[in-house]
Amino acid sequence: MDSLKARKTMVDRHVRARGVRDPRVLAAMGTVPREAFLPPELAEYAYDDRPLPISSGQTISQPYIVAVMAEALALRPDERVLEIGTGSGYAAAVLAQVAGRVYTVERIEELATLARSRLVALGYRNVDVHLGDGTLGWREHAPYDAIVVAAGGPELPRALLDQLIVGGRLVMPVGDGRAQELVRVTRVGSDEYRRDELGAVQFVPLIGEQGWADDEAVPRAPRGTIPRRSVGTLVSPSPVTRTGTVAKLIAECAEPIARIEDAPLDALLDRIGDAKVVLLGEATHGTSEFYRMRTRITQELIRRKGFTSIAVEADWPDAAAVDRYIRGDRPVERAWVPFTRFPTWMWRNAETHQLVEWLRAHNRETGANVSFSGLDLYSMYTSAFEVVRYLERVDPLAARAARERYGRLTPWEHDPAAYGRAALLSRMASCEHDVVAMLRELLAKRIQYSAQDGDEFFDAAQNARVVAGAEQYYRAMYYGSVESWNLRDQHMFDTLRAIASHRGADSKLIVWEHNSHVGDAAATEMAARGEHNVGHLCREAYGDDVFVVGFGTDHGTVAAAHAWDEPMECMQVRPARADSYERLCHMTNVPAFLLHLRDPVRDTLGDELSEPRLERAIGVIYRPDTELASHYFQAVLPSQFDEYIWFDETSAVTPLPHAAQAAAPSRHPLLR
Ligand code: SAH
């Protein structure tokens, strides 16, 4: 596609379709050649709607967010605008098409110089680039009609507020190093400013005297288990309307739960009917009630409806250790200890232990052969190890080849994200060819290998798929959260299909994953970002044969960490926001309940709940201080889930000790 056409598609699809209306901003976005602002090797991605790396560890903003910010400035053709954070110079070029004159300040010399020469080469005569600390503005040309800051600061710099004319607008991301709120301030009098919040965004840090110190707040590569807000995600919080009336309606339709252990589930099982796949969500990764309720439902589905397989948001080889333990027909030995990767408490907890014990007893007593699998793709190294070990048993020559090929990934074992960066940004060849060839060769010998043991072959093949998927994932991560999120959820969905087909025509699957994976992405703001998920892919594949259950809570305690790789803490969950679905449920005054959404008992319930509201997602990381930006997203609950299960007050899961701390070493996969 030529660049003009690609640009037009980008504007239509990612800018106009998502609500940017200002015709001059749209025209500017359709004119500025974004590829000219990128390192040549990334030019092919110029019209994808995502931020991309430029030099000095900085990024060129996502086109959509450049447009949103330009529109929010409400520029007239003769106005003068100050931009802080020139970066590549792309946004400055867009602003130069919309305003009369652009002054732009960059703190990194290499970037300022490069941007200046690009802008000159492209013929922009109304842009001045200045090297300096933009948190202090650019006093010489002040005051400005508008100021835009392209980096996130802890607060609004006083100097910038001062350099705005009365009537002028300042647009800037404010918040911590990872997530910010896009704020617009209008100077309405000499000492009077009006502030609007435009939504949650994510930018590189604003570093300077009135911003962050140089060594603070530098975000690291993400590997979250909830959808992070990508750069430029906007939320328009819904008005807090008629909350009391809607809460009353929910209370009338809800089926109260007194105790999880003997909650009546007949009605729910009726509604699940003949579904072949049941997705059970969770609003956090560390809440006891969600695990216990899912265990109850899982037991009933297995006992009364013949479900055959459980698949969870865990690594394949780790879950395989549980699978061997509960099905008891294959050796359990392995050279590494399962569930020791952060976040260990997600599966290494007393609640999961209880489920695993029940499954083992059930399989033994009834002769059922219920399986337990992991859907995730973070186990690049343990999976590679397992493939090699498998081949050593069945085909030593192939094992040697595997060792060599997978061995190329070893330098990044402790930071696989760094592999993605290295493969993209240095001249190093990626390992893609090796891992794909390995998978292909393994599959080519399917008949030969499966003759010995079909389950073992399936296990090894899935591990080889994980390595190939993870290799791709860590490279995609560098381009942003949308690509890597989609790859991960596609991998999880493909794994689900593989399990279904391996377990045969009568297989029926239960999935345990976070709400953000199982709730239909099309019913949330994820869709606007171009993200899909397991729930959405399942609905496309299975239609009414998939039944999706979401879970929610208002307050209590949760097991989570403040940041990736940090220790687990028992944290307080804040009471939910006034404009959230959670608040509606809280206001019912029913402590716990089931709420049917697919075919609600009253039509009005569906209608009332279909007005979009905020919903909270807590993953393994909880940041109460930036809760709105870090944990809330917009959704339409009745489209997202077929059923919603509510626990007003919840408590943290009980983590299990590691073997080193345990009284006696155990063969149990969760107790080693
Ligand atoms: N508008 C840019 C994106 C910029 S990314 C584009 O379209 O490409 C943010 C930029 O802000 C980075 O280049 C960073 O170096 C710069 N920056 C951060 N703190 C700054 C400060 N105090 N003064 C000037 N620039 C700053």
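You'll find the structure just up there.
This one's a predicted model, so the numbers in the text were calculated from it and none came from an experiment. (Residues numbered from 1 in each chain as written. Predicted model: local features only at pLDDT ≥ 70, side-chain atom pairs only at ≥ 80, totals over all residues. Heavy atoms only, no water.)

### Quick word on the pattern of salt bridges
Right, on to step 1. Enumeration over the complete set of coordinates arrives at 45 salt bridges.
Right, on to step 2. Residue R184 pairs with D196 through a salt bridge whose shortest N-O separation is 3.3 Å. Here R184, found in strand β8 (residues 180-189), pairs with D196, found in strand β9 (residues 192-201); they are 12 residues apart in sequence, far enough to count as distant.
Right, on to step 3. Here D196 falls in the partly exposed class, since its relative accessible area comes to 21%.
Right, on to step 4. Within this structure, D266, R296, E300, R303 and R304 form a network of salt bridges that share partners. (Salt bridge = Lys/Arg side-chain N within 4 Å of Asp/Glu carboxyl O. Helix = DSSP H or I, 4+ residues; strand = E, 2+ residues; numbered from the N terminus. Buried < 20%, exposed > 50% of the residue type's maximum accessible area, 1.4 Å probe, protein only.)

### Concerning the nonpolar core
Right, on to step 1. If you look at the biggest cluster of nonpolar residues, it comprises 78 residues, and the most contacted ones within it are L391, Y406, L442, L595 and L609.
Right, on to step 2. L391 has contacts with P396, A398, A399, A402, M438, L442 and Y449, leaving out every residue within four places of it along the chain.
Right, on to step 3. The next biggest cluster of nonpolar side chains, apart from the first, holds 53 residues, and it includes A6, Y64, A70 and V102. (Core = buried A, V, L, I, M, F, W, Y, C linked by side-chain atoms within 4.5 Å. Contact = heavy atoms within 4.5 Å.)

### Some thoughts on unusual backbone geometry
Right, on to step 1. The amide bond that connects A142 to the next residue, P143, takes the cis arrangement and shows omega of 0°.
Right, on to step 2. Summarising the element assignment, P143 is placed in the loop between β5 (127-131) and β6 (144-149).
Right, on to step 3. With an omega dihedral of -5°, the bond running from F342 to P343 counts as a cis peptide bond.
Right, on to step 4. One can find P343 in the loop between α10 (316-327) and α11 (350-366).
Right, on to step 5. Even without being glycine, A74 reaches a positive phi, approximately 45°.
Right, on to step 6. Mapped onto the secondary structure, A74 falls in the loop between α3 (63-72) and β3 (80-84).
Right, on to step 7. Not every positive phi belongs to a glycine, and F339 is a case in point at roughly 60°.
Right, on to step 8. Mapped onto the secondary structure, F339 falls in the loop between α10 and α11.

### Some thoughts on the sheet that holds β5
Right, on to step 1. Taken in spatial order, the 7 strands make up an open sheet running β5-β4-β3-β6-β7-β8-β9, and their pairing is mixed. Two strands in the sheet have a free side with no partner beyond their single neighbour: β5 and β9. Within this sheet the neighbouring strands show an average axis-to-axis angle of 15°, counted without direction.
Right, on to step 2. As defined by bridge partners, β8 adjoins β9 across 9 bridges and the pair is classed as antiparallel. The residue bridging G189 from the neighbouring strand is E192, located in β9.
Right, on to step 3. Across the face of the sheet, α3 comes into contact with β6, β7 (164-175), β8 and β9 while running at roughly 15° to β8. (Pairing = 2+ DSSP bridges. Axes fitted to C-alpha atoms, helices over the stretch in contact; angles between N-to-C directions.)

Note that all results are geometric; they support no functional claim without further evidence.
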